[in-house]
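Residue-level structure breakdown
Chain residues, written in single-letter form:
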Amino acid sequence: MLTTIPGFDRIGEENAFAVLARAQALAAEGKNIINLGIGQPDFPTPENIAEAAIKAIRDGHHGYTPATGILPLRQAVAADLDRRFGVDVDPEKVIIVPGGKVTMFAAILMFGEPGAEILYPDPGFPIYRSMIEFTGAKPVPIPIREENGFAFSAEETLALITDKTRLIILNSPANPCGGVTPKAEVDRLAAGLENHPNVAILSDEIYDQMLYDGEEHVTLLSYPALRDRVILLNGWSKTYAMTGWRLGYSVWPEALYDKVRKLAVNAWSCVNAPAQYAALEALTGPQDAVAEMMAAFDARRKLVVDLLNDIPGVSCIVPKGAFYAFPNIRETGWKAKKLASALLEGPGVATIGGPDFGTLGEGYIRLSYANSQDNIREALIRMKTFLEKTE
Ligand code: PLP
């Protein structure tokens, strides 16, 4: 019998990929499936970005790049953060990584060990907890509550910090609930964290441009007192419809940058070169496609919320960010994962059960509205009919 380190018995995964595989298998058998499960924009990568990658290949950019990424791209990331938030970022503290996930992998690996505690949002992106458990650290959930508009509470978060806390993971705008934490609350948290100088912060801001109703993003990089311990996670996957390109970036404090650079050298060498040129075009080229995509998401958001609230036993607050709705389904009498599975196997609507995002996800399902209005309408008719029939 082969034995492995215990971490590999604890590592989890993302059920969204299993749902996607099941949805594809059912579709291959001829079943009509509407996929509101997976969290990726349904738009193609904008043409100018795709062309930049093709040009990079033709121009001979086929070799290794520096492990941290090509300098013009790191400079473009710094300029973009300055333009959008007025924060001063040194390109020598930016690393280009193969996807947003890689930053959480690196940060959690750096701080997680038996005896350590790491705070993470629940419901939240499932890989946070999985990676924390992998390292042997204790996962400490930060409750994300519907009654709080699915924002995190500064008070509740600060109260969870102990002398064992090494890292706090924050995510706004958030997956899976679509919550956006208001600036006043982030200010309160930042002020409180000044009393905990040994706690690092991983701020997952991958949905920072996916905001509605005039909401403005607050980056954790904008708090000077925290700058020496904030790790910013961001990337191109969602904003530029580039999930399959595997592209992300992070900004690291001085004390950690060389460690993550070495991890890159050991694990992935560099991000594939043509993708980095595409990322450069994404940041420096026209941004119209982002605005068009967001206008479409906004219309779908309103549609999905209206239709959900029209289903007996279902209620859904209006999400302020990302492209997810997180309806409360308690009054239908269904357990969330059972309902998600029944909706897929029965009427052919793929969603994700809330518990796949943490224990506080029971009573909710996640719908990604990265799908056409026609499909959203049809999916919600199917869901309503199904729930009425099984009442
Ligand atoms: N962070 C959050 C909150 C996400 O929802 C996702 C993807 O769904 C990621 C990070 C990972 O992004 P990527 O596909 O770039 O690895």
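Conventions and cut-offs
- Sequence positions are assigned chain by chain, starting from 1 and proceeding in written order.
- For a predicted model such as this one, the threshold for reporting local features is a pLDDT of at least 70, and the threshold for listing and counting side-chain atom pairs is 80 or more; totals across whole chains, interfaces and linings nevertheless cover every residue.
- Remark: hydrogens and water are excluded; side-chain values derive from all non-hydrogen atoms of the structure.
- In this analysis, axes come from line fits to C-alpha atoms, helices being fitted only over the stretch in contact, and the angle between any two N-to-C directions falls in the range 0 to 180 degrees.
- Note on conventions: DSSP H or I runs of at least 4 residues are helices, E runs of at least 2 residues are strands, and numbering of each starts at the N terminus.
- By the definition adopted for this analysis, an angle is roughly parallel if under 35 degrees, roughly antiparallel if over 145, roughly perpendicular if from 65 to 115, and oblique otherwise.
- Here a crossing is called left-handed whenever its near helix is offset anticlockwise from the far helix by less than a right angle, and right-handed whenever the offset is clockwise.
- Contacts are assigned to residue pairs with any non-hydrogen atoms lying within 4.5 Å of each other.
- When residues are grouped by polarity, Ala, Val, Leu, Ile, Met, Phe, Trp, Tyr, Cys and Pro land in nonpolar, Asp, Glu, Lys and Arg in charged, and all others, Gly among them, in polar.
- A 1.4 Å probe that fits but cannot get out identifies a cavity on a 1 Å grid over protein atoms alone, an open set with protein on both sides within 12 Å along at least five of seven lines counts as a pocket, and a residue lines either if it has an atom within 4 Å of a point.
- Grid points are joined across faces, edges and corners, and a volume is the space filled by probe spheres set on the points.
- Where each domain starts and ends follows an automatic or database-derived domain assignment.
- The classification of residues rests on relative accessible area computed with a 1.4 Å probe and restricted to protein chains. Under 20% of the type maximum is buried, over 50% is exposed, and intermediate values are partly exposed.
- A simple way to read buried area is as the amount of 1.4 Å-probe accessible surface that goes missing from two parts once joined, with both sides added.
- Salt bridges are defined as contacts in which a side-chain nitrogen from Lys or Arg sits within 4 Å of a carboxyl oxygen from Asp or Glu.
- We call two strands paired when DSSP finds no fewer than two bridges between them.
- One heavy atom within 4 Å of a molecule or strand makes the whole residue count as near it.
- In protein, a polar contact means a hydrogen-donor-capable atom and an acceptor-capable atom, both N or O and within 3.5 Å, with residues adjacent in sequence counting only if both atoms are side-chain atoms; elsewhere, any N or O pair within 3.5 Å suffices.
- What sets the accessible areas is the Shrake-Rupley method with a 1.4 Å probe; for residues, cover comes only from the shown protein chains.
- Placement in a cavity or pocket follows one criterion, namely that more than half of the molecule's atoms lie within 2 Å of its grid points.

Quick notes on the packing of helix H12 (residues 336-345) against helix H13 (residues 373-389)
Direction vectors running N to C along H12 and H13 enclose 115 degrees, while the axes themselves pass 11 Å from each other. As summarised for this structure, H12 and H13 are arranged roughly perpendicular, according to the angle between their axes. Considering only the axes of H12 and H13, their crossing is right-handed. Contacts between H12 and H13 pair Leu339, Ala342 and Leu343 from the former with Met383, Phe386 and Leu387 from the latter. Looking at side-chain class alone, the contact of H12 with H13 contains 6 nonpolar, no polar and no charged residues.

Structural notes on the layout of surface pockets
Here the largest pocket is characterised by a volume of approximately 450 Å³. Lining the largest pocket are 24 residues, and of these Glu14, Phe17, Gly39, Phe125 and Lys238 sit closest to its centre. The set of elements that each furnish at least two residues to the lining of the largest pocket consists of helix H2 (15-28) and helix H5 (100-111). Here the lining of the largest pocket is composed, by residue class, of 11 nonpolar, 7 polar and 6 charged. When residues of the lining of the largest pocket are assigned to domains, at least three fall in each of domain 1 (7-45 + 288-389) and domain 2 (63-284). As a volume, the second largest pocket reaches approximately 210 Å³.

Things to note about the packing of helix H11 (residues 288-309) against H13
Across the interface, H11 lies against H13 with an axial gap of 10 Å and an inter-helix angle of 10 degrees. Here H11 is positioned roughly parallel relative to H13, judged by the angle of their axes. In terms of crossing hand, the pair formed by H11 and H13 is right-handed. Contacts between H11 and H13 involve Ala299, Arg300, Leu303, Val304, Leu307 and Leu308 from the first element and Gln373, Ile376, Arg377, Leu380 and Met383 from the second. Residue classes in the contact of H11 with H13 are distributed as 8 nonpolar, 1 polar and 2 charged.

Here's the deal with the environment of Pro6
The residue Pro6 is located in the segment before helix H1 (7-10) in this model. We classify Pro6 as exposed; its relative accessible area is 54%. For the pair Pro6 and Thr135, spaced 129 residues apart in sequence, the C-alpha separation works out to 9.2 Å.

Some words on the domain arrangement of the protein chain
In many reports, interface size means the accessible area that the parts give up when they come together. Here the protein chain is partitioned into domain 1 (7-45 + 288-389) and domain 2 (63-284). On a C-alpha basis, the centres of domain 1 and domain 2 stand 25 Å from each other. The partner domain 2 presents 39 residues to the 39 residues of domain 1 that form the contact. A buried area of about 3200 Å², summed over both sides, lies between domain 1 and domain 2, and 60% of it is on carbon and sulfur atoms. The tally of links from domain 1 across to domain 2 stands at 3 salt bridges.

Quick word on the sheet that holds strand E2 (residues 94-97)
Pairing in this open sheet of 7 strands is mixed, and the strands run E2-E8-E7-E6-E5-E3-E4 from one edge to the other. The two strands at the open ends of the sheet, each matched to only one other strand, are E2 and strand E4 (138-143). The sheet shows a mean angle of 20 degrees between the axes of neighbouring strands, taken without regard to direction. Contacting E2 and strand E7 (230-235), helix H9 (residues 254-267) runs over the sheet at an angle of about 25 degrees to E2.

A short note on the site of the ligand
Taken together, the neighbourhood of the ligand is formed by 14 residues, with Gly100, Asp204, Tyr207, Ser237 and Lys238 sitting nearest. The side chain of Asp204 places a nitrogen or oxygen atom 2.6 Å from a nitrogen atom of the ligand. The side chain of Arg246 places a nitrogen or oxygen atom 2.7 Å from an oxygen atom of the ligand. Surface burial for the ligand is 94%, taken as the share of its 400 Å² of free accessible area covered by protein chains. With respect to the detected pockets, the ligand is housed in the largest pocket. A total of 3 residues in the shell around the ligand trace back to one element, the largest contributor, which is H5. Partitioning the shell around the ligand into residue classes produces 5 nonpolar, 5 polar and 4 charged.

Details of empty space enclosed by the protein
Counted according to the given criterion, the structure contains 3 cavities of 30 Å³ or more. The volume enclosed by the largest cavity comes to roughly 80 Å³. Around the largest cavity, the lining residues are Phe152, Leu170, Asn171, Ser172, Val180, Thr181, Val186, Ser203, Glu216, His217, Val218 and Leu220. The class makeup of the residues in the lining of the largest cavity is 6 nonpolar, 5 polar and 1 charged.

Thoughts on the pattern of salt bridges
A full pass over the atoms with the stated rule returns 27 salt bridges. Between Lys55 and Asp59 there is a salt bridge, with its nearest N and O atoms 2.6 Å apart. By relative accessible area, which is 44% here, Asp59 ends up partly exposed. Among the charged side chains, a salt-bridge network with shared partners connects Asp80, Arg83, Arg84 and Asp208.

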